[in-house]
Amino acid sequence: MFTRIFGKPKQETNAVTTLDKLNETLEMLEKKEKVLQKKASAEVEKAKEFTRAKNKRAAIQCLKRKRLYEQQIEQLGNFQLRIHDQMIMLEGAKATTETVDALRTGASAMKAMQKATNIDDVDKTMDEINEQTENMKQIQEALATPIGAAADFDEDELEAELEELEGAELEEQLLQPAINTPAAPVHAPTPAGRQPARPAPQKQSAEEDELAALQAEMAL
């Protein structure tokens with residue numbers, strides 16, 4: 001277990017180191033290729049000069065060296081292609097390894113969570129919750145049960161008495177408009193040409209008499 005745990009960083013370090021080494025080699029080959037290209041171009045220029053100087057043998061030697069440089073350039077190009085291929089494969093393997101490690105870590109975490117939440121423990125917890133709920137329900141029912149004199153009351157009798165009170169209240173409400181509503185006054189028909197008689201002035205109450213006397217005193 002510990003070998004696997006401590007081996008992962010080392011393996012990842014080796015992959016990174018290898019990629020760095022391949023990059024360095026690739027840069028070195030590119031530099032060599034540029035140098036050889038300059039040499040090949042220089043040989044072409046020399047061949048042109050020897051041709052203008054009518055030195056055919058020297059011009060041919062320059063072209064031969066140019067061909068050798070071009071062969072080396074082609075060989076370097078093949079080396080670079082192989083290095084690129086190796087880097088792509090290594091980066092893909094590194095990504096695959098990291099993905100597998102991530103999946104393995106997730107599986108381990110899931111396994112640990114499942115151990116922490118065992119199905120038996122879940123069932124036990126649910127049973128305890130149901131038991132506590134049932135106990136609380138029984139306690140509430142016990143508290144709601146009437147005790148003492150209230151326990152001796154007959155519910156049927158109380159409901160019958162309540163129905164009688166409701167019936168009496170309804171009957172009173174139905175009879176109340178007929179008792180309290182005043183009868184409309186009946187006026188005799190007024191003969192033609194005569195004005196209806198004015199209602200007789202009502203007698204002043206004692207409070208109105210006192211109020212009139214007080215106003216008279218204040219006027220004096």
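Parameters at a glance
Residues numbered from 1 in each chain as written. Predicted model: local features only at pLDDT ≥ 70, side-chain atom pairs only at ≥ 80, totals over all residues. Heavy atoms only, no water. Salt bridge = Lys/Arg side-chain N within 4 Å of Asp/Glu carboxyl O. Helix = DSSP H or I, 4+ residues; strand = E, 2+ residues; numbered from the N terminus. Buried < 20%, exposed > 50% of the residue type's maximum accessible area, 1.4 Å probe, protein only. Contact = heavy atoms within 4.5 Å. pLDDT = per-residue confidence, 0-100. Core = buried A, V, L, I, M, F, W, Y, C linked by side-chain atoms within 4.5 Å.

In the nomenclature of an unreviewed UniProt entry, the chain is known as Vacuolar protein sorting-associated protein 32 homolog 2-like of Coffea canephora.

Trainee: An account of the pattern of salt bridges is requested, with residue identities and associated values reported.
Mentor: This model, assessed by the stated rule, comprises four salt bridges. Between Lys66 and Glu70 there is a salt bridge, with its nearest N and O atoms 2.8 Å apart. Residue Lys66 and its partner Glu70 are located together in helix H2 (residues 56-116), separated by four residues, close to a single helical turn. Taking the relative accessible area as the measure of exposure, Lys66 reaches 14% and is therefore buried. Look at Glu70 and you get partly exposed, because its relative accessible area is 35%. Glu98 is the partner of Lys94 in a salt bridge, and the nearest nitrogen-oxygen pair spans 2.6 Å. Taken together, the residues span about one helical turn, with Lys94 and Glu98 both in helix H2 at a distance of four residues.

Trainee: Outline the side chain of Glu43, supporting the account with residue identities and numerical values.
Mentor: Structurally, the position occupied by Glu43 is in helix H1 (residues 2-52). For Glu43, a relative accessible area of 6% gives the class buried. With sequence-adjacent residues up to four places away left out, Glu43 is seen in contact with Cys62, Arg65, Lys66 and Tyr69.

Trainee: Talk me through the confidence of the model for the chain; I want residue IDs and the actual numbers.
Mentor: In low-pLDDT segments, the atomic positions of the prediction should not be examined closely. Summing up the model confidence of the chain, the mean pLDDT is 78 and the portion of residues at 70 or higher is 73%. By mean pLDDT, helix H5 (residues 206-219) is the weakest element of the chain at 68, and H2 is the strongest at 91.

Trainee: Help me get a handle on the nonpolar core, residues and values and all.
Mentor: By size, the foremost hydrophobic cluster in this structure holds 12 residues: Leu19, Leu22, Leu26, Leu29, Leu36, Ala40, Tyr69, Ile73, Leu76, Ile83, Met87 and Leu90. Counting only elements with at least two residues in this core, the list comes to H1 and H2. Residues in contact with Leu22, not counting those within four places in the same chain, are Ile83, Gln86, Met87 and Leu90.

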